[in-house]
Amino acid sequence: MMAMVCLHAAVHAQEKVTLLSNWYAQAEHGGFYQAVAKGIYKKYGMDVTIKMGGPQVNNMQILVAGQADFSMGYDFTVLKGIEQGLPLVTVGTSFQSDLQGMMTHADVPNLGALKDKTILVAGSGQSSWWPWLKAKYGYTDAQSKAYTFNLQPFFADPNIVQQAYPSSELFQAEKTGAKANFFLFAQEGYPPYGTTIITLQKMVATKPDLVKRFVKATAEGWKSYLEDPSAGNALIKKDNKEMGDEQLAYALKKLKELKVVTGGDAAKQGIGIMTDERWKKTYDTMVSTGLLKADVDWHKAYTTQFVKDMHVMP
């Protein structure tokens, strides 16, 4: 009888897993929080703790130091990490496209119409989308000024355009009554995925079953969040006291409108899918804009083994 009890406990033991987020809790993390709130991770045998990231948190450093099992990430960061010899690997994605884009005043018709504009770019943009945008449209560094995450310059000067996320800066602009346009870089060919799932190559080699369960449960979390986000949102607000219902609802509306979770390859192959073709495009973009050395083994930056047969259909 004792042996039976022990065996039963072992079967139901929850493996402790730590996930590091890439910013303060928000709707862009909804699938992860939903998978905790709805017991989806538990269903797959995991007790998941989400540690909140932020501007002072170096995710890759924490991951490499073994202080987290998974991190939300970004293709450019991982490819750059591979170049620097870090043992990182992307095992799945939340979004089929990056959410980065440009917010302009209402008179700007498209991304190609910024020749006479002042463009506000943050430090992170200088090493990601800005070289791509310059190359695509012939813009120059002379046009760019630092974006300090303060929207007042945009409101004050009709000649300023600035980097933005649809769920953040655009929401703030609308709240003030400013008429603004938003252009998603991905719709103009900017190739990286958004809010990816990163781990260490050692984890993939030694605990592939855990990785597979985590990626699958997260994809199911995203599907659930898009259907009814209330459980995930309650946890998001618990972690991030600044996050309100109105912004969460606005952000979810934008995620659905832009089809970042369910569109692209995900529409036919399922939520979380990644392809070799897309990773090659991101590698090519980084090399052509001088952000990555051409001899980097870009195949090390990701594996499709956990997503290719997952089929969590939207």
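Parameters and conventions
- Residues numbered from 1 in each chain as written.
- Predicted model: local features only at pLDDT ≥ 70, side-chain atom pairs only at ≥ 80, totals over all residues.
- Heavy atoms only, no water.
- Helix = DSSP H or I, 4+ residues; strand = E, 2+ residues; numbered from the N terminus.
- Buried < 20%, exposed > 50% of the residue type's maximum accessible area, 1.4 Å probe, protein only.
- Lys, Arg positive; Asp, Glu negative; His and termini not counted.
- Salt bridge = Lys/Arg side-chain N within 4 Å of Asp/Glu carboxyl O.
- Contact = heavy atoms within 4.5 Å.
- Pairing = 2+ DSSP bridges.
- Axes fitted to C-alpha atoms, helices over the stretch in contact; angles between N-to-C directions.
- Core = buried A, V, L, I, M, F, W, Y, C linked by side-chain atoms within 4.5 Å.
- Phe/Tyr/Trp six-rings, centres within 6.5 Å; stacked < 30°, edge-to-face > 60°.
- UniProt positions renumbered as here; feature names shortened; annotations may be inferred.

The next thing to look at is the side chain of E28. Mapped onto the elements, E28 comes out in the loop between β1 (15-20) and α2 (30-37). Despite its burial, E28 pairs with no opposite charge, the nearest such side chain being K254 at 11 Å. If we skip the residues at most four places from it in the chain, E28 touches F95, L99, S167, T195 and W222.

Pairing is mixed across the open sheet formed by five strands, whose spatial order is β7-β6-β8-β5-β9. Bordering the open sheet on either side are β7 (144-146) and β9 (180-184), each of which pairs with just one other strand. Across the sheet, the mean angle separating the axes of adjacent strands is 30° when strand polarity is ignored. Most of the contacts of helix α7 (residues 129-137) go to strand β6 (residues 118-121), to which it runs at about 155°, and overall it touches β5 (101-105), β6, β7 and β8 (160-164).

One finds M46 and F214 to be the most contacted residues of the largest nonpolar core, which totals 46 residues. Of the residues forming this core, the biggest block, nine residues, is contributed by helix α11 (residues 208-227). M46 has contacts with Q14, E15, V17, Y41, L210, R213, F214 and A217, leaving out every residue within four places of it along the chain.

Below, the discussion takes up the packing of aromatic side chains. Considering all chains together, one arrives at 21 aromatic pairs under this definition. With a centroid separation of 4.7 Å and an interplanar angle of 40°, the aromatic rings of Y147 and F149 are classed as tilted. Judged by relative accessible area, Y147 falls into the buried class, the value being 5%. Centre to centre, the rings of W298 and Y302 are 6.2 Å apart; their planes meet at 20°, and the pair counts as stacked.

Per the UniProt record, "domain: SsuA/THI5-like" (unreviewed entry) is annotated on residues 27-230. Annotation note: span residues 27-230, helix share 39%, strand share 23%, distance between end C-alpha atoms 11 Å.

Further remarks concern the environment of V260. When you line up the elements, V260 lands in the loop between α13 (245-258) and α14 (266-269). According to the relative accessible area criterion, V260 is buried, its value standing at 1%. It is 9.8 Å that separates the C-alpha atoms of V260 and A186, two residues lying 74 residues apart in sequence. What V260 contacts, discounting residues up to four positions off in sequence, is S94, F95, Q96, S97, L99 and L255.

The subject of this paragraph is unusual backbone geometry. For T195, which is not a glycine, the phi torsion comes out positive at approximately 50°. Along the chain, the position of T195 falls in strand β10 (residues 194-200). The backbone phi angle of H311 is positive, close to 55°, even though this residue is not glycine. On the basis of relative accessibility, which here comes to 46%, the residue H311 falls in the partly exposed class.

This paragraph deals with the side chain of R278. Assignment of secondary structure puts R278 in helix α15 (residues 276-288). D265 is the oppositely charged side chain nearest to the buried, salt-bridge-free R278, at an N-O distance of 4.8 Å. Dropping the residues within four chain positions of it, R278 is found in contact with Q96, S97, P191, P192, Y193 and D265.

Glancing now at the sheet that holds strand β2 (residues 46-51). An order of β2-β1-β3-β10-β4 is seen for the five strands of this open sheet, with the pairing classed as mixed. In the strand order of this sheet, the two ends are held by β2 and β4 (88-95), each with one partner. Pairs of neighbouring strands in the sheet enclose a mean axial angle of 25°, with direction left out of account. The pairing of β1 with strand β3 (residues 70-73) spans two bridges and is parallel. Opposite L19, over in β3, you have F70 as the bridge partner. Sheet strands in contact with α2 are β1, β2, β3, β4 and β10, and its direction is about 140° off that of β2.

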